[in-house]
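Structural characterization, general
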There are 2 protein chains.
Amino acid sequence: MFQNAISIQAAPRGHAGGWSEDRQQHAASVLESLLLRWPPRVHRLEPRQALFHAGQPRHSLYYVRSGCFKTSVLSEDGREKITGFRMRGDLLGLDSVDMPAHACDALALDAAEVWELPCARLQDMLPEIQSRVTAMLAGEIRRDWRWMLAVGTLGADQRVVAFLLDLSARFATLGLDPALLQLRMTRAELGNFLSLTLETVTRALSRMQARGMIEVCGRRIRIVDEAGLRAVLAGEDARCH
Amino acid sequence: MFQNAISIQAAPRGHAGGWSEDRQQHAASVLESLLLRWPPRVHRLEPRQALFHAGQPRHSLYYVRSGCFKTSVLSEDGREKITGFRMRGDLLGLDSVDMPAHACDALALDAAEVWELPCARLQDMLPEIQSRVTAMLAGEIRRDWRWMLAVGTLGADQRVVAFLLDLSARFATLGLDPALLQLRMTRAELGNFLSLTLETVTRALSRMQARGMIEVCGRRIRIVDEAGLRAVLAGEDARCH
DNA sequence: CGAACCATTGATGAGGCTCAAAACTCGTGG
DNA sequence: CCACGAGTTTTGAGCCTCATCAATGGTTCG
């Protein structure tokens, strides 16, 4: 059951070399430059490949260098809940730093690259990244709380819009076009994260498209009218056309 | 708007003295003994008194010594989401350790006592409690995820039962009777936490009572048939009587 | 004793889930 | 190159759970 989820790849390329690829100073850059001071092990994953499963012994943290992951928890009777979608700059495995085993599943949604940070080595790096680990833990809590608020108080359309705007903002900080969203997850996964069914997600997207706020083409979504989306999110019943 | 939320009280009593009050070795004891090595400032709060509000400058962490708190986040347009109910052994303000201002509201639901841990002093205590802070942050994330799973996948009755069983387990670790739950929150607050309306909470409790699983008397709830509750939680449609 | 506040119960309706079917995408192999 | 099949997305129809609105009774506190 616990096959080796990842395959170890070549050592990281030269320390300055990794930098020149980047067009801009991303939010992720600060942490990355820190990590490059200790040569991290690099792993590449294929779409739908698991990085780790809940219950597996935890030896490392993983820094997401590229690609998109979903993290999820499972109940005893098999119900799944996706707790987040992780992209460049995120740390996987943080939620169980204090435990010997992972507390969630991490699955690559597309081709991805992660840098492994063995716990043993993590001790050496302290306290330089200790405060950053703490900050990322606290940040995860605040992010979770905001989604709990959204899921608990917003309607279906509003939740979907909130997701699109959130993703757009994350794209912006990563130097990507915030108006052109390339989703890496299925409607079912999106619905699971938002506590909706896949049909409801689809219908919400169709409604937004009918209002001319977005253009939907499968998993490619273009934001046409961000202000309109924000109005929907704010609850203003758009009477358009 | 930002009145002084708390009133400073007398210095803590002697270090060994605080211990003799405890009948048993609680889960909370380990952290408490640690904190007592630095004399913490003690604050007492009255029911419905705020410990801090979101946005207020953050100078300290607060250890809950007694009483019950609710922590909540607010959206721009006034929607509230209760993120948890905190009891003895919990730390308030952890979610914003990396920030200059609080990220949530903390409100005492009954008479409560907290120990203040100023950030300045926190530096001295490191690294002795550093690992504990990290563990509590990660633990909060896992707890949030489990509730996101419950709220996202369970029906109304199941959510209420999950809450009762969770509270019962917490009572047990605190040395209280796990079958006799004294709720400190209103039905509306409970519903908010579970993403239900207060009426739905009431009805769920009434149904469980009708099935003979609990006895409800206002905020006093006695668990009569824990196995039955677990069956409801597991989704087994109880066809009783 | 009155005034809030809280809890309970009922009636009604809407939002979203379930079930079902069809169109579409994509990788595989004939 | 096209056909096939699995997985995904879209759309429709009907139903069910839970939110909403409303009324009553209980409790606490000034």
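Residues numbered from 1 in each chain as written. Chains lettered and ligands numbered in written order. Predicted model: local features only at pLDDT ≥ 70, side-chain atom pairs only at ≥ 80, totals over all residues. Heavy atoms only, no water.

- The name given to chain A in an unreviewed UniProt entry is CRP-like protein Clp, with Luteimonas colneyensis as the source organism.
- Quoted verbatim from the Subcellular location (unreviewed entry) field of UniProt, the annotation for chain A is "Cytoplasm".
- According to the UniProt record, the Subunit (unreviewed entry) comment for chain A reads "Homodimer." (UniProt positions renumbered as here; feature names shortened; annotations may be inferred.)

**Here we look at the overall build of chain A**
- The helix and strand tally for chain A stands at eight helices and 12 strands.
- Each of the 241 residues in chain A was classed as buried or not, and the buried ones make up 51%.
- Considering only intrachain contacts with a sequence separation of at least 6, the fraction spanning at least 24 residues in chain A is 75%.
- Accessible surface, chain A: about 11,100 Å² in total, of which carbon and sulfur atoms supply 53%. (Helix = DSSP H or I, 4+ residues; strand = E, 2+ residues; numbered from the N terminus. Buried < 20%, exposed > 50% of the residue type's maximum accessible area, 1.4 Å probe, protein only. Contact = heavy atoms within 4.5 Å. Areas by Shrake-Rupley, 256 points an atom, 1.4 Å probe, with all protein chains shown as cover.)

**Things to note about the protein's contact with DNA strand C**
- Around DNA strand C lies a shell of 17 residues, among which A:Ala156, A:Thr200, B:Arg187, B:Arg203 and B:Ser206 are the nearest.
- Protein-adjacent atoms of DNA strand C, using a 4 Å cutoff, are sugar or phosphate at a proportion of 63%.
- The separation between a base oxygen of DNA strand C and a polar side-chain atom of A:Arg203 is 3.3 Å.
- Taking B:Arg187, its side chain carries an N or O atom lying 2.8 Å from a phosphate oxygen of DNA strand C.
- At the level of secondary structure, the elements contributing two or more residues to the surface near DNA strand C comprise helix 7 (198–210) of chain A together with helix 7 (198–210) of chain B.
- The element best represented in the surface near DNA strand C is helix 7 of chain B, accounting for five residues.
- Looking at the surface near DNA strand C residue by residue, the classes come out as four nonpolar, seven polar and six charged. (Near = heavy atom within 4 Å. Polar contact = N/O pair within 3.5 Å; in protein donor to acceptor, adjacent residues only side chain to side chain. Nonpolar A, V, L, I, M, F, W, Y, C, P; charged D, E, K, R; others polar.)

**Points about the protein's contact with DNA strand D**
- In the vicinity of DNA strand D, 17 residues are found, and the nearest of them are A:Arg187, A:Arg203, A:Ser206, B:Ala156 and B:Thr200.
- One of the side-chain nitrogen or oxygen atoms of A:Ser206 is found 2.5 Å away from a phosphate oxygen of DNA strand D.
- Here a phosphate oxygen of DNA strand D sits 3.0 Å away from a polar atom, N or O, in the side chain of A:Arg219.
- Taken together, the elements giving at least two residues each to the surface near DNA strand D come down to helix 7 of chain A together with helix 7 of chain B.
- If you tally residues by element for the surface near DNA strand D, the top one is helix 7 of chain A, at five residues.
- Here the surface near DNA strand D is built from residues that sort into four nonpolar, seven polar and six charged.

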